[in-house]
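Letter by letter, the chains look like this.
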Amino acid sequence: MLPLFLTVLGRLCLSAFAFQDNSHNGPQTHVINLEAKADHNLGGRRIIALNGNQETFGPPVRVRAGDTVQISLLNQICSELEAQNDANDELMEEYCVTGLHFHGLVPIGNDVDGVPGLTQPPIKPGETYWYNFTIPQDVCGTFWYHSHSAIQYGDGLRGTIVVECDEYNSLVNRVFQALEKGSVNNGPVRLPPKVIQLESNLIHEETVTLSDWYDDWNLDIEREKVLSPDGTTDPHMDGSLINGSEDDHIEMKMDRDVKAAVIRVVNAGMAGTQVLHAEGRNMVVLETDGVLVKPYAVETLSLAVGQRYTIMVATQGKWDPIKFINGCNKMMGYVTKVFWMMQRNPVGELNFEGKIKNLPGFYRGELFQQFEPIHGTGLWGSTKESDDNIQRITLNYEYIRNEATVQQYGTHMYKVNGKTMEEYMENPIEMEGGKTVEIIINSIDHMRHPWHMHGHHFQVISMGEGHDGQLRLDDPGESDAKRKYQQDLHFWEESKKTPMTRDSINIAGASFAVLRIRTDFPGSWLLHCHVEWHVAKGLGVVLKELESSQKAGQEQIEQSTIVKKGTSKAKVLGVYFFIMSLLDAALYFFIM
């Protein structure tokens, strides 16, 4: 009976994994060597070329959950002469050193977070630095790497990271089956109950990076237009990039057998929100910032700087090209372009003559109640407005324009609770370990800002729409912000849904956002605006996450146990030697 039982059990195990992609052969180790070197593009603009690539993006990294990654970064960003003279030029000195941040790739450890002066020493000119980490088994999705020193990454020190997993493949297959049954309406997409293994040639995948572009070298812009005494917060944007190219009407070819396109979209820009629309088609969202979500169809997407989405779009048969309209937000408008995913040449209207803000389904905010993680855990913490088990941190940020600020910093600055990000690197905000922490971010600024959290995904609990004012829970009075917060808490309590979970969001001007994290990863982590010019002007904080008291207590118990075991072992050895001595004495007496 036992062999029969084992055979049946084996068949059950095989059937459980029948729909998984098992073409891989276990965890792999990837050794990647990067050289960041000063260069000039065809237009003569100074850039940073990664491994000789002049399109301002380095080589893409593609791995699987469970793989080990070893990345070396050689810093050749500045010439020998520049490196020698940078001691007399503070901005040049900052530009000549570097570090590499793996945006959204958590948890891989605070020691490889890539923030010079906080989690690692700066990589000096001519030095090579190694980043070694293993991708956790539960990590899957779209990420990117970029410099976290000065304003380098817009010059070219950036690239994409894709982490593959079987669950993603299964989700793609199920959404494809849903689209095969016909077009989908806006909202949740009903999935078939079973996964059918598909032929690989039916789905085409592309990674698309969207970015803003400045014609001048970023260091010159920072020095002359941003950090000068009367410097601006948002210098003039000259254009946009699609996959590192300034061209309009970029064509991405697909085989004629393809019936759906999957696009991993990354806003890897320095400042501009990106808008994406597939003309005449709905886009089904599968992922938000490395978190697989219950499929949800939209007409138009807005991406804050740093955000990533994976979407699926059906070809609709007859080899009709998919026309994507892209708007890169700048002051007073958008840089508008079109790109194509195509099986044959486009026909009909090739250009887009309309306005981005008039696109169907256009929305500047965050769909935080709609994009729900597949593995929903519910709301982290309670829905009580006052809960001792939740640590609350309130951050109020504003742009300070006065002569005293210019005297102290050389320019006008952003401050959060009266301090700049550099000052928080010296005196961080402490978070208790092993708890739920609610972070309230209040904008006392009229502009929309993209905020990114290092080392964590956060749940988006509540957000204002703009001009709602600040959320002050300690104020007994009523306000638009407090009413919105209370309504959102009620929504989570009634719906039992899990809030949108990600690492980057856009916060509207004169408004607020409420985020929750779980403090399971000790270390010093940045929470900052991802507009690089605003980071240069101080917009961010450092959160120091402490060890949980429970974990610290457990470590103390383990240490005590080790001591006791050592004492017990000594006693046993003592008894052993005592008995052996008696036997030796008896034997000696008997022989003599």
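One can find the structure itself at the top, above this paragraph.
Residues numbered from 1 in each chain as written. Predicted model: local features only at pLDDT ≥ 70, side-chain atom pairs only at ≥ 80, totals over all residues. Heavy atoms only, no water.

Draft legend 1. Structural detail: the overall build of the protein chain. Helix and strand counts for the protein chain stand at 10 helices and 31 strands. Every one of the 592 residues in the protein chain was classed for burial, and the buried ones make up 52%. Taking the intrachain contacts of the protein chain between residues at least 6 apart in sequence as the baseline, contacts between residues at least 24 apart amount to 77%. Surface exposure of the protein chain reaches about 27,300 Å², of which carbon and sulfur atoms provide 52%. (Helix = DSSP H or I, 4+ residues; strand = E, 2+ residues; numbered from the N terminus. Buried < 20%, exposed > 50% of the residue type's maximum accessible area, 1.4 Å probe, protein only. Contact = heavy atoms within 4.5 Å. Areas by Shrake-Rupley, 256 points an atom, 1.4 Å probe, with all protein chains shown as cover.)

Draft legend 2. The arrangement of the state of the cysteines in detail. Going through the model one piece at a time under the given rule, you end up with two disulfides. A disulfide bridge connects Cys-78 with Cys-96, and the sulfur atoms are separated by 2.0 Å. What sets the handedness of the Cys-78 and Cys-96 disulfide is the S-S torsion sign, and at about -95° it is left-handed. With Cys-78 in the loop between β4 (68–76) and α2 (80–85) and Cys-96 in helix α3 (residues 90–96), the pair connects residues that are 18 residues apart, well separated along the chain. Grouping residues by exposure puts Cys-78 and Cys-96 together as buried. Here Cys-140 connects covalently by a disulfide to Cys-165, the sulfurs 2.1 Å from one another. (Disulfide = S-S within 2.5 Å.)

Draft legend 3. Molecular detail of the pairing of strand β26 (residues 458–463). With six of six residues buried, β26 is to be regarded as a mostly interior element. With two bridges connecting them, β26 and strand β27 (residues 501–502) associate as antiparallel partners. Across the sheet, residue Gln-459 finds its bridge partner in β27, namely Thr-501. With four bridges connecting them, β26 and strand β29 (residues 512–518) associate as antiparallel partners. (Pairing = 2+ DSSP bridges.)

Draft legend 4. Seen up close, a negative patch on the surface. Residues Glu-90, Glu-93, Glu-94, Glu-422 and Glu-426 make up a contiguous surface patch of negative charge. When contributions to the negative patch are tallied by element, the ones reaching two or more residues are α3 and α7 (421–426). With three residues, the single largest contributor to the negative patch is α3. Turning to its location among the elements, Glu-426 is positioned in helix α7. (Patch = residues over 30% accessible without salt bridge, like charges linked within 9 Å, V, L, I, M, F, W, Y side chains within 5 Å. Salt bridge = Lys/Arg side-chain N within 4 Å of Asp/Glu carboxyl O. Lys, Arg positive; Asp, Glu negative; His and termini not counted. Charge placed at Lys NZ, Arg CZ, Asp CG, Glu CD.)

Draft legend 5. Structural view of the sheet that holds strand β25 (residues 449–453). Here we have five strands laid out as an open sheet, ordered β23-β31-β30-β25-β28, and mixed in their pairing. Only two strands of the sheet have a single neighbouring strand rather than two, namely β23 (429–431) and β28 (504–507). The sheet shows a mean angle of 25° between the axes of neighbouring strands, direction not considered. As defined by bridge partners, strand β30 (residues 523–529) adjoins strand β31 (residues 540–545) across six bridges and the pair is classed as antiparallel. Bridge pairing links Ser-524 to Lys-544 in β31. (Axes fitted to C-alpha atoms, helices over the stretch in contact; angles between N-to-C directions.)

Draft legend 6. Examining the pairing of strand β8 (residues 158–164) more closely. Of all seven residues in β8, six are buried, a share of seventy percent or more. As judged from the six bridges shared by strand β7 (residues 141–147) and β8, these two strands associate in the antiparallel manner. If you follow Tyr-145 over to β8, its bridge partner there is Gly-159.

Draft legend 7. Helix α4 (residues 166–180), seen in detail. End to end, α4 covers 21 Å across 15 residues, agreeing with the expected 21 Å (1.5 Å per residue, within 8%). Buried residues of α4: Asp-166, Tyr-168, Leu-171, Val-172, Asn-173, Val-175, Phe-176, Gln-177, Ala-178 and Leu-179, and no others. On its buried face, α4 sits against β3 (61–64), β10 (203–213), β13 (260–267), β15 (283–288), β16 (291–298) and β18 (308–314). One or two positions beyond α4, positive phi appears at Gly-182, with a value near 140°. (Expected span 1.5 Å × (residues − 1).)

Draft legend 8. Representation of the pattern of salt bridges. Counted according to the given criterion, the structure contains 24 salt bridges. Of the charged contacts in the structure, one is a salt bridge between Glu-432 and Lys-435, with a shortest N-O distance of 3.7 Å. Between Lys-484 and Asp-488 there is a salt bridge; the shortest N-O distance is 2.8 Å. Here Lys-484 pairs with Asp-488, and both are found in helix α8 (residues 480–495), just four residues apart, close to one helical turn. One network of salt bridges, with partners in common, ties together Arg-62, Arg-64, Glu-164, Asp-166, Glu-205 and Arg-264.

Keep in mind that these numbers describe shape and distance, not what the molecule does.
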